[in-house]
Amino acid sequence: ESYSTNALAVKYGAKLSKKYNAKFIYISSAGVFDGEKKYYSDDEEPSPINTYGLTKQLGALYAKFYAKDALILRPGWMIGGGPKKDKKFVKIIIDQILAGKKEIFVVNDKFGTPTYTHDLAKQSEILIKNNKNGNYNTVCSGFSSRLEVAKEIISILGYENEIKITQVESDYFKEIFFAQRPKNENLINKKLISENLNVMRTWQNALKEYLENDYAFAFKEKTETIKKL
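As a starting point, this report considers the structure included with it.

1. Quick look at unusual backbone geometry
Okay, so step 1: Even without being a glycine, N21 presents a positive backbone phi close to 55°.
Okay, so step 2: The residue N21 is located in the loop between α1 (2-19) and β1 (24-27) in this model.
Okay, so step 3: For N21, a relative accessible area of 58% puts it in the exposed group.
Okay, so step 4: A positive phi angle, near 55°, is found at N196, a position not held by glycine.
Okay, so step 5: Position of N196 among the secondary structure elements: in the loop between α7 (190-194) and α8 (203-214).
Okay, so step 6: Of the residues examined, N196 reaches a relative accessible area of 71% and is grouped as exposed.

2. Description of the packing of α1 against helix α2 (residues 51-66)
Okay, so step 1: Direction vectors running N to C along α1 and α2 enclose 10°, while the axes themselves pass 8 Å from each other. By the angle between their axes, α1 is roughly parallel relative to α2. Residues S2, Y3, N6, A7, L8, V10, K11, A14, K15 and K18 of α1 lie in contact with α2, whose contacting residues are T51, Y52, T55, K56, L58, G59, Y62, A63 and Y66.
Okay, so step 2: Grouping the amino acids of the contact of α1 with α2 by side-chain chemistry returns 10 nonpolar, 5 polar and 4 charged.

3. Describing the side chain of E185
Okay, so step 1: In this fold, E185 is placed in strand β10 (residues 184-185).
Okay, so step 2: With no salt bridge to any partner, buried E185 finds its closest opposite charge in R146, at an N-O distance of 5.3 Å.
Okay, so step 3: Here W77 takes part through its side chain, which lies 3.3 Å from a polar atom of the side chain of E185.
Okay, so step 4: Filtering out sequence-adjacent residues up to four positions away, E185 remains in contact with A30, G31, W77, F111, G112 and T113.

What counts, and where the lines are drawn
Residues numbered from 1 in each chain as written. Predicted model: local features only at pLDDT ≥ 70, side-chain atom pairs only at ≥ 80, totals over all residues. Heavy atoms only, no water. Helix = DSSP H or I, 4+ residues; strand = E, 2+ residues; numbered from the N terminus. Buried < 20%, exposed > 50% of the residue type's maximum accessible area, 1.4 Å probe, protein only. Axes fitted to C-alpha atoms, helices over the stretch in contact; angles between N-to-C directions. Parallel < 35°, antiparallel > 145°, perpendicular 65-115°, else oblique. Contact = heavy atoms within 4.5 Å. Nonpolar A, V, L, I, M, F, W, Y, C, P; charged D, E, K, R; others polar. Lys, Arg positive; Asp, Glu negative; His and termini not counted. Salt bridge = Lys/Arg side-chain N within 4 Å of Asp/Glu carboxyl O. Polar contact = N/O pair within 3.5 Å; in protein donor to acceptor, adjacent residues only side chain to side chain.

Encoded structure:
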């Protein structure tokens, strides 16, 4: 299923783009790296350690091989989509907060760079308008970890004095998240910065905007007002 979605479908799309003389844009992932380095730039050689990373890299190779003009973007930990579409880390933390949890368990051994969907869309538009192709890392600035992101969410929403974060290692969630994952998925936008095209904000600012726009109901002051009503 991963191969069909992340690679084979890309091959067909890339072939069609060549047929119709269109630019082909492929969204890759920081997950194509093994996570052994502190960070990865655009020109690093991918070395996937799981099925997801392998099929995402195959998709990138298919895009380059079959498309006449391929732009490959590498975001990091995606944030965005709002309550109805968000199935990732931010919503997992917020769901626990709204469920009244007073203690939240968060891994302390996974590192990466968040990427806000709105910023990624803006960055993509700039690259398309400048007719760029090849690999581009497209992450918000600033290295992070799951633990730091969780702390920031709780702080922004106003629960820092009410919720305890307990640090655990990844094995704590091995029955739920059983696939091997890279320890470090931090990326740097080396090409964007060198070409003076980088518009990606800090992950803290992007996260704050996301929560204010899509999770306004989750702020402590808002939930307290609702309870009173």
